[in-house]
Amino acid sequence: MSSEGEGRFHMVDVSLITPGSRRAMLRTDDDVRIEAVYEPSPASVTDTAVVVAHGFTGSADRPAVRRAARVFAERGAAAVITFSFRGHGASGGLSTLGDREVLDLTAAVRWARELGHARVATVGFSMGGSVVLRHAALARGTEGRADAVAAVSAPARWYYRGTAPMRRLHWMVTRPTGRLVGRYGLRTRIDSRTWDPVPLSPVEAVPLIAPTPLLIVHGDRDAYFPLDHPRMLAGAGEAELWLERGMGHAENAADEELLARVGNWLTRA
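Procedures and definitions
Residues numbered from 1 in each chain as written. Predicted model: local features only at pLDDT ≥ 70, side-chain atom pairs only at ≥ 80, totals over all residues. Heavy atoms only, no water. Helix = DSSP H or I, 4+ residues; strand = E, 2+ residues; numbered from the N terminus. Buried < 20%, exposed > 50% of the residue type's maximum accessible area, 1.4 Å probe, protein only. Contact = heavy atoms within 4.5 Å. Areas by Shrake-Rupley, 256 points an atom, 1.4 Å probe, with all protein chains shown as cover. Lys, Arg positive; Asp, Glu negative; His and termini not counted. Charge placed at Lys NZ, Arg CZ, Asp CG, Glu CD. Core = buried A, V, L, I, M, F, W, Y, C linked by side-chain atoms within 4.5 Å. Phe/Tyr/Trp six-rings, centres within 6.5 Å; stacked < 30°, edge-to-face > 60°. Salt bridge = Lys/Arg side-chain N within 4 Å of Asp/Glu carboxyl O. Axes fitted to C-alpha atoms, helices over the stretch in contact; angles between N-to-C directions. Parallel < 35°, antiparallel > 145°, perpendicular 65-115°, else oblique. Nonpolar A, V, L, I, M, F, W, Y, C, P; charged D, E, K, R; others polar. Pairing = 2+ DSSP bridges. Expected span 1.5 Å × (residues − 1). Right-handed = clockwise from strand over helix to strand, strands pointing away.

A.B. asks: Got a sec to walk through the overall build of the protein chain? Specific residues and values, please.
C.D. replies: A count of helices and strands for the protein chain gives 9 helices and 9 strands. Its C-alpha atoms put the protein chain at 50 × 40 × 35 Å along the principal axes. Considering the protein chain as a whole, with its 269 residues, one finds that 57% of them fall into the buried category. In the protein chain, the proportion of contacts linking residues at least 24 apart, taken out of those at least 6 apart, comes to 74%. Accessible surface, the protein chain as shown: approximately 11200 Å² in total, 51% of it carbon and sulfur. Computed over 33 positive and 30 negative side-chain charges, the separation of the two mean positions in the protein chain equals 4 Å.

A.B. asks: Describe the nonpolar core, with residues and values.
C.D. replies: Residues V51, F83, L133 and L233 are the most contacted members of the largest nonpolar core, which totals 47 residues. With 7 residues, the top contributor of residues to this core is helix α2 (residues 101–114). Contacts of L133, omitting those with residues within four sequence positions, involve A151, A154, P202, A205, V206, I209, L214, I216 and L233. One finds V80, F125, V152 and L215 within the second-largest nonpolar core, a separate group that totals 27 residues.

A.B. asks: Please set out the packing of aromatic side chains residue by residue, giving values where relevant.
C.D. replies: Two aromatic rings, taken as a pair, are described by how far apart their centres are and by the angle between their planes. In total, this model carries 6 aromatic pairs according to the counting rule given. An angle of 45 degrees between the planes, with centres 6.5 Å apart, marks the rings of Y224 and F225 as tilted. An aromatic cluster of three or more residues is present, and its members are W158, Y159 and W195.

A.B. asks: So, the pattern of salt bridges: which residues are in play, and what are the values?
C.D. replies: Enumeration over the complete set of coordinates arrives at 16 salt bridges. Its salt-bridge partner being R27, residue D31 comes within 3.2 Å of it at the nearest N-O pair. Overall, the relative accessible area of 18% leaves R27 in the buried class. With a closest N to O distance of 3.8 Å, D147 and R145 form a salt bridge. Accessibility expressed as a relative area gives 22% for D147, which makes it partly exposed. Judged by its relative accessible area of 32%, R145 falls in the partly exposed class. One salt-bridge network, in which partners are shared between bridges, spans D30, R86, R100 and D104.

A.B. asks: Got a sec to walk through the packing of α2 against helix α3 (residues 127–138)? Specific residues and values, please.
C.D. replies: With their axes 9 Å apart at the nearest point, α2 and α3 run at an angle of 70 degrees to one another. With respect to α3, the element α2 is oriented roughly perpendicular. Taken together, the residues of α3 that come into contact with α2 (itself represented by E101, V102, L105, T106 and V109) are M127, V131, V132, R134, H135 and L138. When its residues are assigned to classes, the contact of α2 with α3 shows 7 nonpolar, 2 polar and 2 charged.

A.B. asks: If you had to explain the pairing of strand β9 (residues 240–244) to someone new, which residues and values would you point to?
C.D. replies: Where strand β8 (residues 214–219) lies against β9, 5 bridges are found, and the strand directions are parallel. Note that in β9 the partner of I216 across the bridge is L241.

A.B. asks: I'd like a description of helix α9 (residues 256–268), backed by residues and values.
C.D. replies: Over its 13 residues, α9 extends 18 Å from the first C-alpha to the last, a length consistent with the 18 Å expected when each residue adds 1.5 Å. Buried within α9 are the following residues: L258, L259, A260, V262, G263, W265, L266 and T267. Residues of α9 that are buried make contact with β4 (48–53), α1 (63–74), β6 (119–125), β7 (148–152), β8 and β9.

A.B. asks: Which residues make up α1, and what values go with them?
C.D. replies: End to end, α1 covers 16 Å across 12 residues, agreeing with the expected 16 Å (1.5 Å per residue, within 8%). Along α1, the residues classified as buried are A64, V65, A68, A69, V71, F72 and A73. Contacts from the buried residues of α1 go to β3 (33–39), β4, β5 (79–83), β6, α8 (250–253) and α9.

A.B. asks: I'd like to hear about the pairing of β5, residue by residue, with values.
C.D. replies: Counted residue by residue, β5 has 5 buried out of 5 residues, so it is predominantly covered. Burial along β5 is two-sided: A79, I81 and F83 and V80 and T82, pointing in opposite directions, are all buried. Pairing geometry for β3 and β5, over 4 bridges, is antiparallel. What sits directly across from V37, in β5, is T82. Bridge analysis of β4 against β5 gives 4 bridges, and the strand direction is parallel. Bridge assignment links V50 to a residue of β5, and that residue is V80. Each parallel crossover has a hand, and the one from β4 via α1 to β5 is right-handed.

Keep in mind these values describe shape, not function.
The following block contains the structure:
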């Protein structure tokens, strides 16, 4: 799998949810349909939009993602775009575990700019954290770029199997039976092909992100990725590091106080 795409994204269709809010189907550069939701800021005037990249097995409509979007809008005073990665939710395609998902995020960022937002920040959780880091490195200087980036509970390197949850995840994505569990148990459709070539890793992406502001957030009770991951990421380039006491993994573990701090950082960085 390769992160390079062809063509140009466009919207397939758009429907209004509430006045100002809308749900859209975007099409990525490699021709995958991606569901996305736009919610304006409660503030009367804002030029910032925050694009939220969920973790593996998540989607735009999962409660933890909706909670994060609400906090970013209300307490971060930003418009918010949530979307479902390929293979998740109502999006098309198959999950490539953080490789071609960069194209999904690029489509969402471009949509934010087409909606009139001069400044677009990205925040990703777990797999989404790896995607926002790689996107920030690969999309520099393009209209799909991010102006500030926060990665929460992100891995530093690929193929990590040092914890029991990650060993279970690798079983699910590498075995036919595991992929059936993912499809029917977790509503996540996983590509059976191996990476070819292996994509740029998150820790390799970090040195390429500056001067874009970068925040790394990680819990000291993360059961998936221990603290050497955020320390490796923060040490690879110019980044602010928050190690959160008592926090577990990703969007499900991020409380409203932390989300508010991240939202404020994204709108002010």
